[in-house]
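Spelled out from the first residue to the last, the chains are:
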Amino acid sequence: DQQVKQNSPSLSVQEGRISILNCDYTNSMFDYFLWYKKYPAEGPTFLISISSIKDKNEDGRFTVFLNKSAKHLSLHIVPSQPGDSAVYFCAANLIQGAQKLVFGQGTRLTINP
Amino acid sequence: SQTIHQWPATLVQPVGSPLSLECTVEGTSNPNLYWYRQAAGRGLQLLFYSVGIGQISSEVPQNLSASRPQDRQFILSSKKLLLSDSGFYLCACIRSGGYTFGSGTRLTVV
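As the structure is a computational prediction, the values presented were derived from the model and not from experiment.

Each value, and the rule that gives it
- Each chain has its residues counted from 1, following the order in which its sequence is written.
- Each chain gets a letter, beginning with A, and each ligand a number, beginning with 1, in the order they are written.
- For a predicted model such as this one, the threshold for reporting local features is a pLDDT of at least 70, and the threshold for listing and counting side-chain atom pairs is 80 or more; totals across whole chains, interfaces and linings nevertheless cover every residue.
- With hydrogens and water set aside, each side-chain value is computed from the structure's full complement of heavy atoms.
- What makes two strands pair is DSSP finding at least two bridges between them.
- Secondary structure follows DSSP: runs of H or I at least 4 residues long count as helices, runs of E at least 2 residues long count as strands, and numbering of each begins at the N terminus.
- Working rule for contacts: check all heavy atoms of both residues, and any pair within 4.5 Å makes them a contact.
- Here the quantity called buried area is the total loss of accessible area, with a 1.4 Å probe, experienced by two parts when brought into contact, counted for both.
- By definition, a salt bridge exists where a carboxyl oxygen of Asp or Glu is found within 4 Å of a side-chain nitrogen of Lys or Arg.
- Pairing of N or O atoms within 3.5 Å defines a polar contact, subject to two protein rules: one partner must be a possible hydrogen donor and the other a possible acceptor, and residues neighboring in sequence count only if both atoms are side-chain atoms.
- Three exposure classes are used, based on accessible area relative to the maximum for each residue type with a 1.4 Å probe and protein chains only: buried under 20%, partly exposed in between, and exposed over 50%.

Examining the sheet that holds strand β6 (residues 56-59) of chain A
Thinking step 1. Taking strand neighbours across the sheet as the criterion, the five strands line up as β1-β3-β8-β7-β6 (chain A) in an open arrangement whose pairing is antiparallel. Each edge of the open sheet is held by one strand with a lone partner, namely β1 (4-5) and β6 of chain A.

Okay, here's the thing in structure tokens:
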């Protein structure tokens, strides 16, 4: 049962344009959501998070939007830069007995010069 | 803030051999500890978590086991590796500073 889904395995964007990565979830008990960036053979790097009581959080070039009614969140990167090329994971925090982080499958973002 | 040390970085093991991956945490006490695996082309799957010494919870049935002999030590083991155990293994912890991940171990079972 995939509770967090990233339906686009890959995305290609022109440098300078906006990158939009999407994520859907099914569990209403998630209390906050996170986006991570990951390079091969490295651990994930935290980018930005959003509480389930908010609908937007912005940090520099990164903005996360949360639509609770649709159980959908998205990460906007603008402007996109070549260094943004990586795999991006959406994750959701759940406290059910113990605290856990549930990840989506990831989206490989490629920024073209 | 907490730091996670994970080793080895890469490992090639034959099918049927044992496995022991170690993770240690610095900069915090009594953290929750996690083992995740990323199989080829897949997301990060939670394998085990631990809320304290000797306390292990398994998320998915599999060929692996975990142990927490000390507060800041988390070990992932197998008695006999399968080809399907290949993947990228990540240790993580959470304490007051949020989630922290180790640098991972790339395991290839041949």
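Let's talk about the interface of chain B and chain A
In many analyses, interface size is given as the accessible surface area lost on bringing the parts together.
Thinking step 1. Taken residue by residue, the interface counts 19 residues in chain B and 16 residues in chain A.
Thinking step 2. Interface of chain B and chain A: buried area, both sides summed, is about 1400 Å²; carbon and sulfur atoms make up 61% of it.
Thinking step 3. In terms of surface lost to chain A, no three residues of chain B exceed L44, Y99 and F101 of chain B, which account for 38% of the buried area on that side.
Thinking step 4. Linking chain B with chain A are one salt bridge, by the criterion used here.
Thinking step 5. Between chain B and chain A we count seven residue pairs in polar contact (both at pLDDT 80 or more) in total.

Comments concerning the pattern of salt bridges
Thinking step 1. Counted by the stated rule, this structure contains four salt bridges over all chains.
Thinking step 2. For the salt bridge of D84 of chain A with R61 of chain A, the shortest nitrogen-to-oxygen distance reads 2.8 Å. With D84 of chain A in the loop between β8 (72-77) and β9 (86-96) and R61 of chain A in the loop between β6 and β7 (62-67), this residue pair connects regions lying 23 residues apart in the sequence.
Thinking step 3. With a shortest N-O distance of 3.2 Å, R68 of chain B and D71 of chain B are connected by a salt bridge.
Thinking step 4. R68 of chain B gets classed as buried once you look at its relative accessible area, which sits at 2%.

So, the pairing of strand β4 (residues 32-38) of chain A
Consecutive residues of a regular strand have side chains that alternate between opposite faces of the sheet.
All names here are of chain A.
Thinking step 1. Counting buried residues in β4 gives six out of seven residues, a clear majority hidden from the surface.
Thinking step 2. Note that β4 and strand β5 (residues 45-51) share six bridges and pair antiparallel. Following the sheet pairing, F33 is matched in β5 by I50.
Thinking step 3. The antiparallel pairing of β4 with β5 creates a hairpin that spans six residues between the two strands, and A41 there sits at a positive phi of about 60°.
Thinking step 4. Bridge analysis of β4 against β9 gives seven bridges, and the strand direction is antiparallel. Opposite Y32, over in β9, you have N93 as the bridge partner.

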